[in-house]
Amino acid sequence: MSLAVFLEHHEGELQKGSLGVLGKAASLGDDVAGIVLGSGVKDLAAQAGRFGAKKVFVADAPELEAPLPQPRVDAIAQLVGEKGVETVLFAASVLASDVAAGLAARLDTGLNWDLVDIADHDGQLVGTRPALEDTVYVDVGWTTEPRLALFRPGTFDPVESGGEAEVEELTPAFEDFSTQATMIEQAHEESEGPSIEDADVIVAGGRGLGSPENFSLVEELAKALGGAVAATRAVVDAGWYPYATQVGQTGKTVSPKLYVACGISGAIQHKVGMQGSGTVIAINKDPNAPIFEFSDLGVVGDLHEIVPKLTELVQQRKSG
Ligand SMILES: Cc1cc2nc3c(=O)[nH]c(=O)nc-3n(C[C@H](O)[C@H](O)[C@H](O)COP(=O)(O)OP(=O)(O)OC[C@H]3O[C@@H](n4cnc5c(N)ncnc54)[C@H](O)[C@@H]3O)c2cc1C
């Protein structure tokens, strides 16, 4: 079964989510390739080898410099046709989702998205996908080849196996219509620490904080734990915190090892975005808050007292 993983990169590093998917693919079979597309990206192949790729297809072209989907669709469609790749896996991101969807349309093939697992059942690949607002998992398959799959962010941790990959250079031919779009500007939000998609620890704040200024409580705890700050829709809608940090049905789906929910009621629309977290700790003054139903540890009390003490304790432990 020949598998290839689209490896997204940023500032000279392969993205953690893509490397996680690469590790998963490597656990399914030996014939795993990475696909690195961009401009000045040849050196990234070695990174892919260390994380499970046996082979890396590299296309280095000015048309691939901007993070635009269509030239990437050209390159991967050509690769699939020439090398007989049967399955292409993607770690979800804005770019990867566009590329996967464009490839499905171009090759008239099936794309399963929002997957949280994939397994080999007697030679048949079967994906796992949450459904009905994440209350059940369903098995999904493919009726066409190549099989395309897009995984939820943070689904798999990268596994460094220390291998070396054979590198094969590609020379994609670009369609006229694929190179018509140009990137005018790309703005990056200035932020400290990890993004909520990548963070192992998330401290999330809800309306229980009482005011936007009190987000500093959450920020300080996140800093002490080396984590990222997230928010509920209630506070994002109120303008207390940026939209990019919203977790839930209409926000981001996260799966950190630790999720600390401060003053969050635990509405189903919030739960669907964070229920893949390893350990959930909730701090809420209402003992009947729904969040306690899916928390591993609950603290009933006023967050304004508890959170600063918790931060102090973490800082003390770290310095001691
Ligand atoms: C279509 C749709 C999509 C939605 N998408 C999302 C989404 O993506 N993400 C999302 O989060 N929501 C989403 N929502 C909104 C969701 O239904 C909830 O309204 C929202 O999650 C509530 O946010 P909250 O927990 O911050 O606020 P609240 O529900 O108001 O809860 C505040 C909590 O803080 C506690 N509290 C108050 N004071 C203190 C204190 N001093 N100490 C400790 N605890 C305290 C209270 O007991 C309460 O449980 C969506 C809703 C709809 C209809």
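Owing to the predicted nature of the structure, the values given are computational and were not obtained by experimental measurement. Every chain is numbered independently, its residues counted from 1 as its sequence is written. Thresholds applied to this predicted model are a pLDDT of at least 70 for local features of residues and 80 or more for the giving and counting of side-chain atom pairs; totals over whole chains, interfaces and linings are not thresholded and use all residues. To get the side-chain values, take all heavy atoms of the structure and skip hydrogens and water.

**Q** Just to check I follow, could you spell out the overall build of the protein for this structure?
**A** Secondary structure elements are taken from DSSP: a helix is a run of H or I of four residues or more, a strand is a run of E of two residues or more, and numbering for both begins at the N terminus. Looking only at helices and strands, the protein has eight helices and 17 strands in total. Here the globule rule is a power law, 2.2 Å times the number of residues to the power 0.38, and the radius of gyration is based on C-alpha atoms. At 21 Å, the protein has a C-alpha radius of gyration in line with the 20 Å of a compact globule built from 320 residues. Along the first, second and third principal axes, the C-alpha set of the protein runs to 60 × 45 × 40 Å. Scored against the burial criterion, the 320 residues of the protein give a buried share of 48%. Sequence separation of at least 24 residues holds for 63% of the intrachain contacts in the protein that already meet a minimum separation of 6. Surface exposure of the protein reaches about 15800 Å², of which carbon and sulfur atoms provide 48%. Treating the 22 positive side-chain charges of the protein as one cloud and the 47 negative ones as another, the clouds have centres 5 Å apart. Partly exposed describes any residue whose relative accessible area lies between the buried limit of under 20% and the exposed limit of over 50%, with all areas from a 1.4 Å probe on protein chains only and scaled to the type maximum. A contact between two residues is defined here by any heavy atoms of the two lying within 4.5 Å. The Shrake-Rupley method, run with a 1.4 Å probe, gives the accessible areas here. Residue values count only the displayed protein chains as cover. Charged residues are defined here as Lys and Arg on the positive side and Asp and Glu on the negative side; His and the ends of the chain fall outside this count. In plain terms, the charge of a residue is placed at NZ if it is Lys, CZ if Arg, CG if Asp and CD if Glu.

**Q** Before we go on, may I ask you to explain the site of the ligand in this structure?
**A** Nearness here has a simple test: a residue counts as near a molecule or strand if at least one of its heavy atoms is within 4 Å of that partner. Taken together, 25 residues lie around the ligand, and Thr-232, Gln-246, Thr-250, Ser-265 and Asn-284 are the ones closest in. Gln-246 has a polar side-chain atom sitting 2.7 Å from an oxygen atom of the ligand. Whenever a nitrogen or oxygen atom comes within 3.5 Å of another N or O atom, the pair is scored as a polar contact, on the condition that within protein one atom can donate a hydrogen and the other can accept it, and that pairs from neighbouring residues in sequence are kept only if both atoms are in side chains. Lys-285 has a polar backbone atom sitting 3.1 Å from a nitrogen atom of the ligand. For the ligand, whose accessible area on its own is 990 Å², the fraction buried by protein is 76%. Of all the secondary-structure elements, those providing two or more residues to the shell around the ligand are helix H6 (233-237), helix H7 (268-274) and helix H8 (303-319). Tallied by class, the residues present in the shell around the ligand amount to five nonpolar, 15 polar and five charged. Residues are grouped as follows: nonpolar covers Ala, Val, Leu, Ile, Met, Phe, Trp, Tyr, Cys and Pro; charged covers Asp, Glu, Lys and Arg; every other residue, Gly included, is treated as polar.

**Q** I keep staring at the sheet that holds strand E13 (residues 201-205) and nothing clicks. Help me out?
**A** Sheets are built from strands that pair by backbone hydrogen bonding, the pairs being arranged parallel or antiparallel. The strand order across the open sheet formed by five strands is E14-E13-E15-E16-E17, and the pairing between neighbours is parallel. This sheet does not close on itself; its edge strands, each paired only once, are strand E14 (228-231) and strand E17 (297-300). Recorded for the sheet is a direction-independent mean angle of 20 degrees between the axes of neighbouring strands. Relative to E17, strand E16 (residues 279-284) runs parallel, the two being bridged by four bridges. For Ile-283, the partnering residue across the bridge sits in E17 and is Val-299. All axes here are fitted lines through C-alpha atoms, helices being fitted over the stretch that makes contact, and every angle between N-to-C directions spans 0 to 180 degrees. Against the sheet, helix H5 (residues 215-225) touches E13, E14 and strand E15 (258-262), its axis set at about 175 degrees to E13. Running over the sheet, H8 touches E15, E16 and E17 and is turned about 135 degrees from E16. Each pair of strands is called paired provided DSSP finds at least two bridges between the two strands.

**Q** I would appreciate a short explanation of the packing of aromatic side chains in the present structure.
**A** In this description, an aromatic ring pair is defined by two values, namely the gap between the centres and the angle between the planes. When two rings of Phe, Tyr or Trp (its six-membered ring) have centres within 6.5 Å they constitute a pair, described as stacked for plane angles under 30 degrees, edge-to-face for angles over 60, and tilted for the intermediate range. Summed over the entire model, instances satisfying the criterion amount to three aromatic pairs. Taken together, a centroid distance of 5.5 Å and an interplanar angle of 45 degrees make the contact between Phe-6 and Phe-90 tilted. In this pair, Phe-6 is assigned in strand E1 (residues 3-6) and Phe-90 in strand E6 (residues 87-91), connecting sequence segments 84 residues apart. Taken individually, Phe-6 and Phe-90 each receive the classification buried, so the pair is uniform in this respect. Above the face of the Trp-113 ring, Arg-129 is positioned so that its terminal group lies 4.4 Å from the ring centre. Our definition puts a charge over a ring when NZ of Lys or CZ of Arg is within 6 Å of the ring centre and also within 35 degrees of the ring normal.

**Q** Help me understand the sheet that holds strand E5 (residues 55-60) in this model?
**A** Here seven strands make up an open sheet; going across it, the order is E7-E11-E6-E1-E4-E5-E12 and the pairing parallel. Whereas interior strands pair on both sides, the edge strands pair on one side only; in this sheet they are strand E7 (111-115) and strand E12 (166-170). Put simply, the sheet's adjacent strands are angled 25 degrees from each other on average, direction ignored. In the packing of helix H3 (residues 69-83) onto the sheet, the strands contacted are E1, strand E4 (32-38), E5, E6 and E12, and the crossing angle to E4 comes to about 150 degrees.

These figures capture arrangement, not role.
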